[in-house]
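The primary structure of each chain is shown beneath.
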Amino acid sequence: MKSEGSLLRNKQSLFLGDESPSLRNKLKVYRAMHDLTQEQLAEKIGVSRQTVIAIESDKYLPSLGLAFKIAALFKVKVEDVFVYQGEGGENES
């Protein structure tokens, strides 16, 4: 019998396929523009430094609430920081 985790991964790969759309971010760019360290940004948005690292490296998608908090901190729209890329890597605007 397959584990619950492997079933979930199989469902995700079936749903998303190999060329799945993705969300990229410019968090590192905005952080640098505001002269903030990962630790300082983490404190301002209420997460750990490890979470900031994971978001910047596209290993973690923030919740909608956290995405809005990040955008508000930098006084930009959410879509300025987080960019949706459709299949094949093209930007969807």
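Residues numbered from 1 in each chain as written. Predicted model: local features only at pLDDT ≥ 70, side-chain atom pairs only at ≥ 80, totals over all residues. Heavy atoms only, no water.

Trainee: Explain the packing of helix α3 (residues 38–45) against helix α4 (residues 49–56) to me, and be specific about the residues and the numbers.
Mentor: Packed helices, taken two at a time, are described by their axes: the angle between them and the distance between them. The geometry of α3 relative to α4 is characterised by a closest axis approach of 8 Å and an angle of 105° between their N-to-C directions. Relative to α4, α3 is oriented roughly perpendicular. The segment α3 lies against α4, with Q38, E39, L41, A42 and I45 engaging R49, V52, I53 and E56. Of the residues contributing to the contact of α3 with α4, the split by class is five nonpolar, one polar and three charged. (Axes fitted to C-alpha atoms, helices over the stretch in contact; angles between N-to-C directions. Helix = DSSP H or I, 4+ residues; strand = E, 2+ residues; numbered from the N terminus. Parallel < 35°, antiparallel > 145°, perpendicular 65-115°, else oblique. Contact = heavy atoms within 4.5 Å. Nonpolar A, V, L, I, M, F, W, Y, C, P; charged D, E, K, R; others polar.)

Trainee: Report on the confidence of the model for the chain, specifying residues and quantitative values.
Mentor: On average, residues of the chain carry a pLDDT of 81, and 70% of them reach 70 or more. Throughout residues 1–19 the model reports pLDDT below 50, and contacts reaching past four residues in sequence, or to other chains, amount to five contacts. (pLDDT = per-residue confidence, 0-100.)

Trainee: Give a description of the nonpolar core that names residues and reports values.
Mentor: Ranked by size, the top nonpolar core spans 16 residues in total, and within it L27, L41, I70, F74 and F82 carry the most contacts. Secondary-structure elements contributing two or more residues to this core are α2 (27–33), α3, α4, α5 (64–74) and α6 (78–81). It is α5 that provides the largest number of residues to this core, a total of five residues. When residues no more than four places from it in sequence are discounted, the contact partners of L41 are L27, R31, L36, V52, L73 and F74. (Core = buried A, V, L, I, M, F, W, Y, C linked by side-chain atoms within 4.5 Å. Buried < 20%, exposed > 50% of the residue type's maximum accessible area, 1.4 Å probe, protein only.)

Trainee: Any chance you could break down the pattern of salt bridges for me, citing the residues and the numbers?
Mentor: Summed over all chains, the structure comprises three salt bridges. Where D58 meets R24, a salt bridge forms, and the shortest distance between an N and an O atom there is 3.6 Å. Here the residue D58 occupies a position in the loop between α4 and α5, and R24 occupies one in strand β1 (residues 22–25), the gap between them amounting to 34 residues. Look at R24 and you get partly exposed, because its relative accessible area is 37%. A salt bridge links E56 to R31, with the shortest nitrogen-to-oxygen separation between them at 2.6 Å. Note that E56 is positioned in helix α4 and R31 in helix α2, a separation of 25 residues in sequence. In this structure E56 comes out as buried when scored by relative accessible area, which is 15%. (Salt bridge = Lys/Arg side-chain N within 4 Å of Asp/Glu carboxyl O.)

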